[in-house]
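If you want the building blocks of each chain, they are given just below.
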There are 6 protein chains.
Amino acid sequence: MPTIIVEGPSIDIEKKRALVRGITETASAVYGLPGHIIHVLIRENPPENVGVAGGLLADRRKESGTDR
Amino acid sequence: MPTIIVEGPSIDIEKKRALVRGITETASAVYGLPGHIIHVLIRENPPENVGVAGGLLADRRKESGTDR
Amino acid sequence: MPTIIVEGPSIDIEKKRALVRGITETASAVYGLPGHIIHVLIRENPPENVGVAGGLLADRRKESGTDR
Amino acid sequence: MPTIIVEGPSIDIEKKRALVRGITETASAVYGLPGHIIHVLIRENPPENVGVAGGLLADRRKESGTDR
Amino acid sequence: MPTIIVEGPSIDIEKKRALVRGITETASAVYGLPGHIIHVLIRENPPENVGVAGGLLADRRKESGTDR
Amino acid sequence: MPTIIVEGPSIDIEKKRALVRGITETASAVYGLPGHIIHVLIRENPPENVGVAGGLLADRRKESGTDR
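Draft legend 1. Structural detail: the sheet that holds strand β2 (residues 39-44) of chain A. An order of β4(C)-β3(C)-β2(D)-β1(D)-β1(A)-β2(A)-β3(F)-β4(F) is seen for the eight strands of this open sheet, with the pairing classed as mixed. A strand with exactly one partner marks an edge of an open sheet, and here the two such strands are β4 (55-56) of chain C together with β4 (55-56) of chain F. By the bridge criterion, two bridges tie strand β3 (residues 50-52) of chain C to β4 of chain C in an arrangement that is antiparallel. Considered in β4 of chain C, the bridge of Gly51 of chain C is made with Leu56 of chain C. Along the sheet face, helix α1 (residues 13-31) of chain A touches β1 (3-8) and β2 of chain A, β1 (3-8) of chain D together with β3 (50-52) and β4 of chain F and points at about 140° away from the line of β2 of chain A. Helix α1 (residues 13-31) of chain D contacts β1 of chain A, β3 and β4 of chain C together with β1 and β2 (39-44) of chain D of the sheet and is inclined by roughly 140° relative to β2 of chain D.

Draft legend 2. A look at the relation of the copies chain A and chain D. Superposing chain A onto chain D requires a rotation of 180° together with a translation of 0.0 Å along the rotation axis, leaving an RMSD of 0.0 Å. These values place the two chain copies in the arrangement generated by a two-fold rotation axis. Both copies contact each other with a shared surface, as 100% of the interface residues of chain A are interface residues in chain D too.

Draft legend 3. Expanded view of α1 of chain A. Here α1 of chain A is 19 residues long and its end C-alpha atoms lie 26 Å apart, about the 27 Å a rise of 1.5 Å per residue gives. The set of residues buried in α1 of chain A consists of Lys16, Leu19, Val20, Gly22, Ile23, Thr24, Thr26, Ala27, Val30 and Tyr31 of chain A. Buried residues along α1 of chain A sit against β1 and β2 of chain A, β1 and α1 of chain D together with β3 and β4 of chain F. You can read the cap of α1 of chain A off the contacts: a side-chain oxygen lies 3.2 Å from the backbone nitrogen of Glu14 of chain A, and it is on Asp12 of chain A.

Draft legend 4. Broad picture of the relation of the copies chain D and chain C. After a rotation of 120° and a shift along the axis of 0.0 Å, chain D superposes on chain C with an RMSD of 0.0 Å. Read as a symmetry element, the transformation amounts to a three-fold axis. Ranked by how close their C-alpha atoms come to the rotation axis, the residues of chain D are headed by Arg43 of chain D, at 6.1 Å.

Draft legend 5. Up close: the interface of chain D and chain C. Taken together, the contact between chain D and chain C spans 15 residues of the former and 13 residues of the latter. Across the chain D/chain C interface, buried area totals approximately 1,200 Å², and carbon plus sulfur atoms make up 51% of it. The interface formed by chain D and chain C holds three salt bridges in total. We note a salt bridge from Glu7 of chain C to Arg43 of chain D, for which the minimum N-O separation is 2.8 Å. Our enumeration of links across chain D and chain C arrives at nine residue pairs in polar contact (both at pLDDT 80 or more). Those elements that provide at least two residues to the side of chain D that touches chain C are α1 and β2 of chain D. Residues of the side of chain D that touches chain C, tallied by class, amount to six nonpolar, four polar and five charged. Both β3 of chain C and β2 of chain D contribute to a ladder of three bridges, which runs antiparallel. Pairing of Gly51 of chain C across the sheet is with Val40 of chain D, part of β2 of chain D.

Draft legend 6. Inspection of unusual backbone geometry at higher detail. Cis peptide bonds are those with omega within 30 degrees of zero, and the linkage from Met1 of chain A to Pro2 of chain A qualifies with -5°. Among the structural elements, Pro2 of chain A can be located in the segment before β1. For Ala53 of chain B, which is not a glycine, the phi torsion comes out positive at approximately 60°. For Ala53 of chain B, a relative accessible area of 40% puts it in the partly exposed group.

Draft legend 7. Region of the structure containing the pairing of β1 of chain D. For β1 of chain D, the buried fraction is high: six of the six residues fall into the buried class. Alternating residues of β1 of chain D divide into Thr3, Ile5 and Glu7 of chain D and Ile4, Val6 and Gly8 of chain D, and every residue in both groups is buried. Sheet analysis places β1 of chain A next to β1 of chain D, joined by five bridges and oriented antiparallel. Looking at the pairing, Ile5 of chain A lines up with Ile5 of chain D of β1 of chain D. As paired elements, β1 of chain D and β2 of chain D share six bridges and run parallel to each other. Of the residues in β2 of chain D, the one forming a bridge with Ile4 of chain D is Val40 of chain D.

Draft legend 8. Layout of the interface of chain A and chain D. Every contact between the two is made by 26 residues of chain A and, on the other side, 26 residues of chain D. At the boundary of chain A with chain D, total buried surface from both sides reaches about 2,300 Å², with 74% on carbon and sulfur atoms. Linking chain A to chain D there are zero salt bridges. Seen at the junction of chain A and chain D, the total is five residue pairs in polar contact (both at pLDDT 80 or more). Elements with a contribution of two residues or more to the side of chain A that touches chain D: β1 and α1 of chain A. No other element matches the nine residues that α1 of chain A contributes to the side of chain A that touches chain D. Each residue belonging to the side of chain A that touches chain D can be placed in one class, and the counts come to 17 nonpolar, five polar and four charged.

Draft legend 9. Seen up close, the sheet that holds strand β4 (residues 55-56) of chain A. With mixed pairing, eight strands are arranged side by side in an open sheet as β4(A)-β3(A)-β2(B)-β1(B)-β1(C)-β2(C)-β3(E)-β4(E). The sheet is open, and its two borders are formed by β4 of chain A together with β4 (55-56) of chain E, each paired with just one other strand. Running at roughly 140° to strand β2 (residues 39-44) of chain B, helix α1 (residues 13-31) of chain B makes contact with β3 (50-52) and β4 of chain A, β1 (3-8) and β2 of chain B together with β1 (3-8) of chain C of the sheet. Helix α1 (residues 13-31) of chain C rests against β1 of chain B, β1 and β2 (39-44) of chain C together with β3 (50-52) and β4 of chain E of the sheet, and its axis sits at about 140° to β2 of chain C.

Criteria and cut-off values
- Residues numbered from 1 in each chain as written.
- Chains lettered and ligands numbered in written order.
- Predicted model: local features only at pLDDT ≥ 70, side-chain atom pairs only at ≥ 80, totals over all residues.
- Heavy atoms only, no water.
- Pairing = 2+ DSSP bridges.
- Helix = DSSP H or I, 4+ residues; strand = E, 2+ residues; numbered from the N terminus.
- Contact = heavy atoms within 4.5 Å.
- Axes fitted to C-alpha atoms, helices over the stretch in contact; angles between N-to-C directions.
- Least-squares fit on C-alpha atoms with pLDDT ≥ 70 in both.
- Expected span 1.5 Å × (residues − 1).
- Buried < 20%, exposed > 50% of the residue type's maximum accessible area, 1.4 Å probe, protein only.
- Polar contact = N/O pair within 3.5 Å; in protein donor to acceptor, adjacent residues only side chain to side chain.
- Buried area = accessible area lost by both parts, 1.4 Å probe.
- Salt bridge = Lys/Arg side-chain N within 4 Å of Asp/Glu carboxyl O.
- Nonpolar A, V, L, I, M, F, W, Y, C, P; charged D, E, K, R; others polar.

Take a look at the structure:
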């Protein structure tokens, strides 16, 4: 601990590196704790498994070309 | 927020739509908040990764034909 | 399992009853499973512990009278 | 979504602001998404409820003056 | 990592110690990893915030004297 | 409930059985509850999705042959 869990869409490994680096720096500075005890878990949720506004993200993208 | 995380078995996309629709309606009514700020994450857990009563769901199904 | 975790603001016990009833009905119908194996965990997050758009919900409410 | 959950010790409101700001900036840059759809939930875990190395953080602190 | 999150009712500190000790021993043996990298988070859920079978645990206890 | 969520690396089915058995025994003894109401969810996180000390576990392993 601290452990940070990130629920987001799929990303490539370069973005994972940047995500872990940035979050660990912030958490280390805020908590005043060394980076080596800070853990980050990245979860990649398929758009079919994410609901926003009562519909699936997967359906929404098809309709509108929205990309989140 | 609100964000609702659903831990369940695998389901097809039609069921995912129904799950997100129903949960969002309930949450929107209860919290008095518009649906577009309500998020749902569906997690599909393989029976090999779920333990009930000290055993894996995967083993239990084989033995008994139980289907949950 | 299924287990549903709801991350939201504080609500009174009547709303908790309605939330659990509605979510359990939806989950029971979608998964085709009896209600007694469906669990719901309600988490009540103080606005000081919720970040939206880079700021705390607690600060945002003060500024704008927004209520989510 | 993205939603980021931070499991850590108790912190004051200034640190919460810094945590949300820093994490949202990183997530917004990495995912290429506007900050207003990024949510952060901060959880403050009492040292009595955190286990490390088989013991409670609460006991460890008493013994050694360790502060994480 | 590994990190184990336990969602249960309130327990006293002696039980927390036993929970962390037992879970860490099991996880250390199964993963073949030293105990000091294994973290446990205990969450104590009030019965008013737990739903089973469509109702709150808090209501169920009153009706039946059930104690889980 | 109780529900225990285990965040760890990938493991084979024999280890999953041992993990569920051990954790359920501990939880059942500590909470004084029958094993059949105790649920365990095992999550297998790819090393590319786990951050420790500001870097990905996937990168760390390559560099040092470290195995956690």
